[in-house]
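So you can see what is in the structure, the chains are spelled out below.
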Amino acid sequence: MPPRPDSAAVTGLLPTHVRRARRARARRRWTTIAIFIAPALVLYGLLVIAPVLQAMYYSGFKWNGLGDLDDFVGLENFRRAFADDVFTGALWHNGVFVVLSLLAQLPFALSVALMLNARIRGRALLRVLYFAPFVLSEVVTGVVFTLMLQPGGLADGVSPVDREWLADPSIVLYTLFVAISWKYFGFHMILYLAGLQQIPRELEEAAIVDGASGWQVFRHVTLPLLGPTIRISAFLSIIGALQLFDLVWVMTGGGPVNASNTMAIYMVDWGFKRFQFGYASAVAVIMLVISLAFALLYQRYVLRRDIEGALTSMGR
């Protein structure tokens with residue numbers, strides 16, 4: 001097969017008016033793209049980039065949000081945060097939610113997705129019912145669970161022992177995790193269902209014909225092909241656990257005695273209750289750095305193969 005001529009060389013051989021027409025079409029195309037992208041870029045800059053830069057600037061000051069920014073403290077707010085046992089405890093609680101999500105919530109969502117992917121009666125209704133909690137707002141979910149978990153509530157009625165579910169520091173994190181899992185597992189279930197439906201049935205049937213058991217089919221066929229979906233689901237779960245705020249705020253407010261505090265609740269407490277906006281901005285920057293570092297490392301070492309495969313498919 002003869003080599004394909006270089007496009008630049010071919011363009012140079014075209015008549016002048018043809019080259020001008022092509023350049024004019026290219027300019028019009030890029031102008032159209034810029035017109036459509038510009039509003040989104042402006043909104044992104046005003047609502048995302050500007051607040052981030054503003055928080056970074058405020059984090060270097062001791063400021064109550066009312067006076068002038070004239071008390072520059074440098075990195076003192078960051079040193080203060082990591083020296084505070086309450087903040088490090090909140091960071092630890094976020095880590096606990098991350099681990100519990102990966103070890104309990106996501107496997108449960110995958111199990112439900114596998115069940116609902118099978119040919120069973122009423123699976124469409126079950127999919128709707130399992131996904132319904134994700135549609136509810138965090139405030140509604142928090143209020144409902146707070147009522148169920150209060151003394152003498154539904155939880156005490158069905159449990160063999162009476163516990164202070166939201167007032168006992170030793171179990172409050174795990175109680176909150178139940179509510180969080182109920183709220184969000186439906187989202188991950190839908191992700192897994194979408195991934196499962198992209199797997200050709202012929203591969204699983206061929207494995208069964210070759211004598212593979214149900215577990216072997218799942219382990220060696222289904223799970224590897226579902227890998228990209230699982231990695232995306234884990235990424236979203238970890239980022240959500242690092243930024244967890246609203247559901248915990250409604251149910252416990254970070255209590256009792258900071259036993260369920262998270263970084264976001266700690267930040268809001270110091271910013272909007274104690275009016276130390278410089279210190280709260282430093283906490284916000286710490287959250288940003290942790291989330292951004294994780295996202296970049298996860299993309300570099302976990303999602304790299306998936307991204308390269310997607311780009312290759314687009315190129316083809």
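Above this text sits the structure in question.
Quick look at the structure, then. (Residues numbered from 1 in each chain as written. Predicted model: local features only at pLDDT ≥ 70, side-chain atom pairs only at ≥ 80, totals over all residues. Heavy atoms only, no water.)

## A few points about the overall build of the chain
- Helix and strand counts for the chain come out as 15 helices and zero strands.
- Computed over C-alpha atoms, the radius of gyration of the chain comes to 26 Å, more than 25% over the 20 Å expected from 2.2 N^0.38 for 316 residues, which places it beyond the range of a compact globule.
- Reported as C-alpha extents along the three principal axes, the dimensions of the chain are approximately 85 × 70 × 30 Å.
- Here the chain, with 316 residues, has 35% of them falling under the buried criterion.
- For the chain, the proportion of contacts with a sequence separation of at least 24, taken over those separated by at least 6, is 67%.
- When the accessible surface of the chain is split by element, carbon and sulfur atoms take 67% of a total near 19600 Å². (Helix = DSSP H or I, 4+ residues; strand = E, 2+ residues; numbered from the N terminus. Rg over C-alpha atoms; globule rule 2.2 N^0.38 Å. Buried < 20%, exposed > 50% of the residue type's maximum accessible area, 1.4 Å probe, protein only. Contact = heavy atoms within 4.5 Å. Areas by Shrake-Rupley, 256 points an atom, 1.4 Å probe, with all protein chains shown as cover.)

## Considerations on the pattern of salt bridges
- Overall, the coordinates contain five salt bridges when judged by the stated rule.
- Between R274 and D269 there is a salt bridge; the shortest N-O distance is 3.1 Å.
- R274 gets classed as partly exposed once you look at its relative accessible area, which sits at 45%.
- D269 sits in the buried class, given a relative accessible area of 19%. (Salt bridge = Lys/Arg side-chain N within 4 Å of Asp/Glu carboxyl O.)

## Some words on helix α6 (residues 138–149)
- Here α6 contains 12 residues, and its C-alpha end-to-end distance of 16 Å stays within 8% of the 16 Å for a straight helix at 1.5 Å per residue.
- Listed as buried for α6 are T141, G142, F145 and L149. All buried residues of α6 project into a common sector of 95° when viewed along the axis, lining one side.
- In the core, the buried residues of α6 are packed alongside α7 (154–158), α8 (172–197) and α12 (246–251). (Expected span 1.5 Å × (residues − 1). Arc of directions from axis to C-beta.)

## Topic: unusual backbone geometry
- Looking along the chain, the bond that leaves G255 and enters P256 is cis, with omega of -5°.
- Locating P256 in the fold gives a position in the loop between α12 and α13 (263–273).
- The backbone of N258 sits at a positive phi, close to 65°, despite the residue not being glycine.
- Given a relative accessible area of 38%, N258 falls into the partly exposed group.
- Of note in this structure, F275 is not a glycine but carries a positive phi near 55°.

## Here's the deal with the nonpolar core
- Of all hydrophobic cores here, the largest spans 44 residues; its most connected members are F97, L149, L176, M189 and M251.
- Elements that contribute at least two residues to this core include exactly α4 (85–117), α6, α8, α11 (227–242), α12 and α14 (277–301).
- Residue contributions to this core peak at 11 residues, all from α8.
- In terms of nonpolar packing, the next biggest core, distinct from the first, is built from 14 residues, Y266, Y279, A282 and V283 among them. (Core = buried A, V, L, I, M, F, W, Y, C linked by side-chain atoms within 4.5 Å.)

## Thoughts on the packing of helix α2 (residues 16–58) against α14
- It is the contact of α2 with α14, at a shortest axis distance of 8 Å, that shows an interaxial angle of 125°. With respect to α14, the element α2 is oriented oblique. Handedness of the crossing formed by α2 with α14: left-handed. Contacts between α2 and α14 pair V52, A55, M56 and Y58 from the former with G278, S281, V285 and L288 from the latter.
- When its residues are assigned to classes, the contact of α2 with α14 shows six nonpolar, two polar and no charged. (Axes fitted to C-alpha atoms, helices over the stretch in contact; angles between N-to-C directions. Parallel < 35°, antiparallel > 145°, perpendicular 65-115°, else oblique. Left-handed = near helix turned anticlockwise from the far one by under 90°. Nonpolar A, V, L, I, M, F, W, Y, C, P; charged D, E, K, R; others polar.)

## Some words on the packing of aromatic side chains
- Summed over all chains, the structure comprises 23 aromatic pairs.
- Cluster of aromatic residues (ring-pair linked, three or more members): Y57, Y58, F61, W63, F72, F272, F275 and F277.
- Seen from the ring of Y279, R80 lies directly overhead, with NZ or CZ sitting 3.9 Å from the centre.
- Between the NZ or CZ atom of K183 and the centre of the ring of Y184, over which it lies, the distance is 4.8 Å. (Phe/Tyr/Trp six-rings, centres within 6.5 Å; stacked < 30°, edge-to-face > 60°. Lys NZ or Arg CZ within 6 Å of the ring centre and 35° of its normal.)

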